[in-house]
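Overview (structure and organization)
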Amino acid sequence: MKWLLSKLGLLRQEKNTQTLKRDVSFLKASAKSNTISCEWGLRKQTQQLISQNQGTTLMIRIRDASGDGTIANKSIEIGLHATQAQIDTPFPNGLILLELGYKTPEGDFITLEYRFIDLGPKKCTTPELTNWFTNESKNIHQEMYDLATRGVTLGGSERIRVDQQTISQ
């Protein structure tokens, strides 16, 4: 039977699909006490692509994906042959997008694998609004003018006052 399958080429195809199943990229991640533990593997073709292109670096990027308008992120350059890392989280709670990818020499980030990590509900504190005009001086316009001119008379109304004082003396 094996002889017949080998003649039909089916046995060879089965071996190729097993090789392809083992040669895939993956990213695993877990979070514990403000640290993210990552483990990954890259396809041989991807490793070759990154190593052949000069100036290309393998990176892990962590971004806030909570959707509340925060754009906090953290990027870490890692070695091409590294397979795991421990990273301190840039923020204690919320939804984190963890991306494994590479940065091109032009500065573009290409994502290879990604995972979402939920660190629990995000606790946002609303800052107190400060009324900056409550401490304003009653003579604020004159003070601002004096600061702007640095005590130098520019002409105009200042000159008239000086001229009137000289005439009356």
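Residues numbered from 1 in each chain as written. Predicted model: local features only at pLDDT ≥ 70, side-chain atom pairs only at ≥ 80, totals over all residues. Heavy atoms only, no water.

So, about the packing of aromatic side chains. Taken as a whole and judged by the stated rule, the model has one aromatic pair. Taken together, a centroid distance of 6.0 Å and an interplanar angle of 85 degrees make the contact between Tyr-114 and Phe-116 edge-to-face. You can call Tyr-114 partly exposed: its relative accessible area is 46%. (Phe/Tyr/Trp six-rings, centres within 6.5 Å; stacked < 30°, edge-to-face > 60°. Buried < 20%, exposed > 50% of the residue type's maximum accessible area, 1.4 Å probe, protein only.)

Taking burial as the measure, the seven residues of strand β2 (residues 35–41) include five buried ones, the bulk of the element. Here strand β1 (residues 26–32) pairs with β2 via seven bridges, running antiparallel. Residue Leu-27 lies in a different strand from β2, and its bridge partner there is Trp-40. Taking the residues between adjacent antiparallel strands as the criterion, β1 and β2 are bridged by two residues, where Ser-33 takes a positive phi near 40 degrees. Pairing of β2 with strand β5 (residues 84–88) involves five bridges; the strand directions are antiparallel. Across the sheet, Glu-39 pairs through a bridge with Gln-84, a residue of β5. (Helix = DSSP H or I, 4+ residues; strand = E, 2+ residues; numbered from the N terminus. Pairing = 2+ DSSP bridges.)

Looking at the secondary structure, you find Ala-31 in strand β1. On the accessibility criterion, Ala-31 (33% relative accessible area) is partly exposed. Sequence separation between Ala-31 and Asp-118 is 87 residues, and the spatial gap between their C-alpha atoms is 8.6 Å. Aside from chain neighbours lying at most four places away, what touches Ala-31 is Ile-36, Ile-117 and Leu-119. (Contact = heavy atoms within 4.5 Å.)

As a further point, take the nonpolar core. Trp-40, Leu-58, Ile-60, Ile-62, Leu-98 and Leu-100 are the most contacted members of the largest nonpolar core, which has 19 residues in total. Counting only elements with at least two residues in this core, the list comes to β2, β3 (57–64), β5 and β6 (95–103). Of the residues forming this core, the biggest block, four residues, is contributed by β6. (Core = buried A, V, L, I, M, F, W, Y, C linked by side-chain atoms within 4.5 Å.)

Here we take up the pattern of salt bridges. In this structure the tally under the stated criterion is two salt bridges. Between Arg-63 and Glu-99 there is a salt bridge; the shortest N-O distance is 3.3 Å. Here the residue Arg-63 occupies a position in strand β3, and Glu-99 occupies one in strand β6, the gap between them amounting to 36 residues. A relative accessible area of 32% means that Arg-63 is categorised as partly exposed. (Salt bridge = Lys/Arg side-chain N within 4 Å of Asp/Glu carboxyl O.)

What follows is about the environment of Glu-77. Among the secondary structure elements, Glu-77 is positioned in strand β4 (residues 73–78). When near neighbours in sequence (up to four residues on either side) are disregarded, Glu-77 contacts Thr-57, Leu-58 and Met-59.

Honestly, it's all geometry; don't read function into it.
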